[in-house]
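Chain by chain, the residues:
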Amino acid sequence: RVGGWTTETTWAMADAVRDGQLRKAYACLDQLLVSGEPAPKLLGGIAFVFRKYATATLYASANGLRHALIDAKVFPAALGPSEAYLRRIGRNKALRITELLTEAESGLKGGSPLPDRMQLERLLAQLAGQLD
């Protein structure tokens, strides 16, 4: 088993955000933070998944979104839910994913007075399309 429960929980958190299940995503985040996982490491896992969506959004064109997701190396089993996610949040919000990840990284490096947990919770809500 690769990565153990922290990796699995990080992927479950990202999937919950993708699927609009913010309560589940927050529960996963809480588990990870309480276990001592550092916020920057968690952000790295989130960014690994969501940068693929940002890339697919930029390159979705005549070939369509599904092909852009494949080209962005989204796991085959996640293609349908990923396509549904990007359609749900819309192109304008999807185009902001990279900006949101960069802002969160800056905030966690001291650019925000908010606690790490609050910054990550806000990021998850933004990525879920529930905050601007």
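In this text, all values refer to a predicted model and were calculated from it rather than measured experimentally.

### Comments concerning the overall build of the chain
Consideration 1: Helix and strand content of the chain: seven helices and zero strands.
Consideration 2: The C-alpha radius of gyration of the chain comes to 14 Å, within 12% of the 14 Å expected for a compact globule of 132 residues.
Consideration 3: Counting over 132 residues, the chain shows a buried share of 42%.
Consideration 4: Long-range contacts, defined as pairs at least 24 residues apart, comprise 61% of the intrachain contacts of the chain with a sequence gap of at least 6.

### Quick notes on the environment of Glu8
Consideration 1: Secondary-structure assignment places Glu8 in helix H1 (residues 4–18).
Consideration 2: Along the primary structure Glu8 and Ala84 are separated by 76 residues, whereas in three dimensions their C-alpha atoms are 22 Å apart.

### Remarks on the packing of helix H3 (residues 39–59) against helix H6 (residues 97–111)
Consideration 1: Direction vectors running N to C along H3 and H6 enclose 170 degrees, while the axes themselves pass 9 Å from each other. Considering the angle they form, H3 stands roughly antiparallel to H6. Across the interface between the two elements, Ala39, Pro40, Leu43, Ile46, Ala47, Phe50, Arg51, Tyr53 and Ala54 from H3 touch Ile97, Thr98, Leu101, Ala104, Glu105 and Leu108 from H6.

### Looking at the nonpolar core
Consideration 1: Ranked by size, the top nonpolar core spans 42 residues in total, and within it Ile46, Phe50, Tyr53, Ile97, Leu101 and Leu127 carry the most contacts.
Consideration 2: Taken together, the elements giving at least two residues each to this core come down to H1, helix H2 (22–34), H3, helix H4 (65–71), helix H5 (79–94), H6 and helix H7 (116–127).
Consideration 3: The element that contributes the greatest number of residues to this core is H3, accounting for 10 residues.
Consideration 4: Setting aside anything within four residues of it in sequence, one finds Leu101 in contact with Leu43, Ile46, Ala47, Phe50, Arg51, Leu123 and Leu127.

What counts as what
- Residues numbered from 1 in each chain as written.
- Predicted model: local features only at pLDDT ≥ 70, side-chain atom pairs only at ≥ 80, totals over all residues.
- Heavy atoms only, no water.
- Helix = DSSP H or I, 4+ residues; strand = E, 2+ residues; numbered from the N terminus.
- Rg over C-alpha atoms; globule rule 2.2 N^0.38 Å.
- Buried < 20%, exposed > 50% of the residue type's maximum accessible area, 1.4 Å probe, protein only.
- Contact = heavy atoms within 4.5 Å.
- Axes fitted to C-alpha atoms, helices over the stretch in contact; angles between N-to-C directions.
- Parallel < 35°, antiparallel > 145°, perpendicular 65-115°, else oblique.
- Core = buried A, V, L, I, M, F, W, Y, C linked by side-chain atoms within 4.5 Å.

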